[in-house]
Amino acid sequence: GDQMGDQNGLTARFVSTVADKGKYYDKFGLFLRVSNTGAKKWVQRYSFKGVRREMGLGSAKLIPLKQVREIALQNQMTLYNGEDPLQNRNLNTSIPTFEESARIVYEQKRPSWKNAKHAAQFISSLEVYVFPYIGEMQVNNINTQHILKILEPIWLTKEETARRVRSRLSSVFSWTIANQWRADDPAATTILSALPRQSKKIKPRKSMHYNLVSEFIGKMNQSKAAPITKLALEFLILTATRSGELRDAPWSEIDGNLWTIPAERMKASVTHRIPLSERCLEILQEARTLSLGSEYIFCGFKKDRPLSENTFAKLIAELNFDTQVHGFRTSFRTWTQEKTNYPREVAEAALAHSLSDKAEAAYARSDLLDKRRDMMETWSRYISEKNAEVIMLRG
């Protein structure tokens, strides 16, 4: 409920420790509102020409009591001068708050993001980690200390997220600089020197040796996993594609024995053609009967949704294999190097890697479909023959 601080109002210690929902009054009509989620906001209540008003003054996590009292006192002076502090503030608030800026930047960038998930993550990460701290502050009042308060708690516990949040903060500040609301980016990479060093090196992706792949597929097919999941993962391995490229694939991309993924679905933003081996065509026939008229080749539990992102990783873990989904691309690539004579650029084209060497890229521009058709059929056979071999040995 409503509570008073002591005679002199609140204390900084009380503000930092209070956790119970309620309103805690200070002076000059200032009070601290603690919500049931524990969020703490400063609010000033006053009357102007007989009308009661409340004015938000920002988050108590960021604006200390001393500073907010000064603001409240300023507003009180404005009242004595016969002006409405809120009106007054609105005159200065042609400068947007951080949240307003971030949402504008988000809407501007959204059309250019390749996938909807990235777009959603941009805004949801700011909602979780940033807006509670600085969402209501005008962008010209935010400094590096504020940014450190946001990043420090997650810098070592959620490393990847924290790095992304920092770069998203930067992109919002770049926009505010372009609009001349501030002159610098408080989340610029120079801030890294004030944060502890993130320990982990990027680990190479775990993959399995190519001669284990057929055994893996065999075990998978004997498992209790959903039939559509088994088909999808085998298809992923045989085509050496990325998980998202496969899971979101609609039937409309298949034409005979060719699968064409349009540029907007590809990581390198270049259309990718994949020749389909005989086994791949068999898988598609089976998937057809399971996909219940879905637009997706490998639909999830709901037929209008693709398979979910963790499906493959969960299945691999259940089968006790220590590999990542992406690792099958490595298995395929190593197989081409060690077991075949296919030129490097043919294998790289199969993985839809953009070639860094300009001359090589010009040479490979044809996408080498015929050579790749042969290579993918050989990969498919290698796996099924390996599998036959294993069964022979067991027999």
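Refer to the structure presented above.
Residues numbered from 1 in each chain as written. Predicted model: local features only at pLDDT ≥ 70, side-chain atom pairs only at ≥ 80, totals over all residues. Heavy atoms only, no water.

Colleague: Would you mind showing me how to read the sheet that holds strand E7 (residues 258-261) here?
Modeller: Pairing between sheet strands relies on hydrogen bonds along the backbone, with the strands arranged either parallel or antiparallel. Read from one edge to the other, the open sheet built from 3 strands follows the order E6-E7-E8, with strand pairing classed as antiparallel. On the outer flanks of this sheet lie strand E6 (254-255) and strand E8 (272-275), each paired with one strand and no other. Note that E6 and E7 share 2 bridges and pair antiparallel. Paired with Ile254 across the two strands is Trp259, which belongs to E7. (Pairing = 2+ DSSP bridges. Helix = DSSP H or I, 4+ residues; strand = E, 2+ residues; numbered from the N terminus.)

Colleague: Is there a simple way to think about the pattern of salt bridges in this case?
Modeller: Proximity of charged atoms lets side chains of opposite charge pair with each other. In the structure shown here, the tally under the stated rule is 21 salt bridges. A salt bridge links Asp184 to Arg182, with the shortest nitrogen-to-oxygen separation between them at 3.0 Å. The class of Arg182 is buried, set by a relative accessible area of 12%. (Salt bridge = Lys/Arg side-chain N within 4 Å of Asp/Glu carboxyl O. Buried < 20%, exposed > 50% of the residue type's maximum accessible area, 1.4 Å probe, protein only.)

Colleague: Would you mind showing me how to read the nonpolar core here?
Modeller: A general tendency of soluble globular proteins is for nonpolar side chains to be buried together. Core analysis: the largest hydrophobic core is formed by 54 residues, its most contacted members being Phe216, Leu233, Phe298 and Trp379. Contributions of two or more residues to this core are made by helix H9 (213-222), helix H10 (227-239), E7, helix H12 (278-290), helix H13 (311-318), helix H14 (327-339), helix H15 (344-350) and helix H17 (369-394). Tallying contributions element by element places H10 first for this core, with 8 residues. Apart from the residues lying within four places of it in its own chain, the contact partners of Leu233 are Phe216, Met220, Phe312, Leu315, Ile316 and Phe328. Counting 52 residues, the second-largest nonpolar core is a separate cluster that includes Val15, Met55, Ala119 and Phe173. (Core = buried A, V, L, I, M, F, W, Y, C linked by side-chain atoms within 4.5 Å. Contact = heavy atoms within 4.5 Å.)

Colleague: How should helix H8 (residues 159-178) be read in this particular structure?
Modeller: For an α-helix, the turn length of 3.6 residues means that residues three or four places apart are oriented alike. Taking 1.5 Å per residue as the helical rise, H8 with its 20 residues ought to reach 28 Å, and the 29 Å between its terminal C-alpha atoms agrees with that figure. Within H8, the full set of buried residues consists of Glu159, Ala162, Val165, Arg166, Arg168, Leu169, Ser170, Ser171, Val172, Phe173, Trp175 and Thr176. Packed against the buried residues of H8 are helix H4 (98-109), helix H5 (116-129), helix H6 (131-134) and helix H7 (144-155). Following H8 by one or two positions, Gln180 has its phi on the positive side, about 65°. (Expected span 1.5 Å × (residues − 1).)

Colleague: Looking at this structure, how should I read unusual backbone geometry?
Modeller: In terms of backbone geometry, most residues other than glycine have negative phi values and most peptide bonds are trans. Here Phe28, not a glycine, exhibits a phi torsion of approximately 60°, which is positive. Among the secondary structure elements, Phe28 is positioned in the loop between strand E2 (22-25) and strand E3 (30-34). The phi dihedral of Asn320 is positive, around 60°, even though this residue is not glycine. Secondary-structure assignment places Asn320 in the loop between H13 and H14. Asn320 gets classed as exposed once you look at its relative accessible area, which sits at 72%.

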